[in-house]
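Fold and contact review
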Amino acid sequence: QVQLVESGGGLVQAGGSLRLSCAASGRTFSTYTMGWFRQAPGKEREFLAAITWRHIITNYANSVKGRFTISRDNVKNTVYLQMNSLKPEDTAVYYCSAWFSPLNTATMPSVSDYWGQGTQVTVSS
């Protein structure tokens, strides 16, 4: 059974930092790109960043480029999202996801294969 388990969310003041982690288990992820999304109340789920398994290709949404950094540890099957210079508008539930990517691309998927349960990030002003 595939599981993606996020951790690291919490409450932080504007300008602060958080690092989210996503531990993946239950299958081999060597052909899966992994990424982060978020969903704020009343808004659609938003793509943030993705990272490939091989050759470490990354892709970021414009809204977080330069502030957020995605990375992964293939030995630990864990993906991270380092979030700096946080703003109140970053408040949302953050989700980890994995999708089959045989061509090893970091583009946002039309459909993801696996999702985590989400972790709340709240940025106070």
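What comes next is a walk through the structure. (Residues numbered from 1 in each chain as written. Predicted model: local features only at pLDDT ≥ 70, side-chain atom pairs only at ≥ 80, totals over all residues. Heavy atoms only, no water.)

1. What to know about the pairing of strand E5 (residues 46-51)
For clarity, the cut-off: Only protein chains enter the accessibility calculation, which uses a 1.4 Å probe; a residue whose area is less than 20% of its type maximum is buried, one above 50% is exposed, and one in between is partly exposed. Going along the chain from the N terminus, every DSSP run of H or I of four or more residues is numbered as a helix, and every run of E of two or more is numbered as a strand. DSSP bridges decide pairing: two strands pair if at least two such bridges lie between them.
Most of E5 is tucked away, with 5 of its 6 residues classed as buried. Looking at chain direction, strand E4 (residues 32-39) and E5 are connected through 5 bridges and run antiparallel. Note on E5: the bridge partner recorded for Phe37 is Phe47. Hairpin geometry of E4 and E5 is characterised by an intervening segment of 6 residues between the two adjacent antiparallel strands and by a positive phi of about 75 degrees at Gly42. Two elements, E5 and strand E6 (residues 58-60), share 3 bridges in a ladder whose sense is antiparallel. In the sheet register, Ala49 faces E6, and the bridge partner there is Tyr60. What sits between the antiparallel neighbours E5 and E6 is a turn of 6 residues, in which His55 has the positive phi angle 65 degrees.

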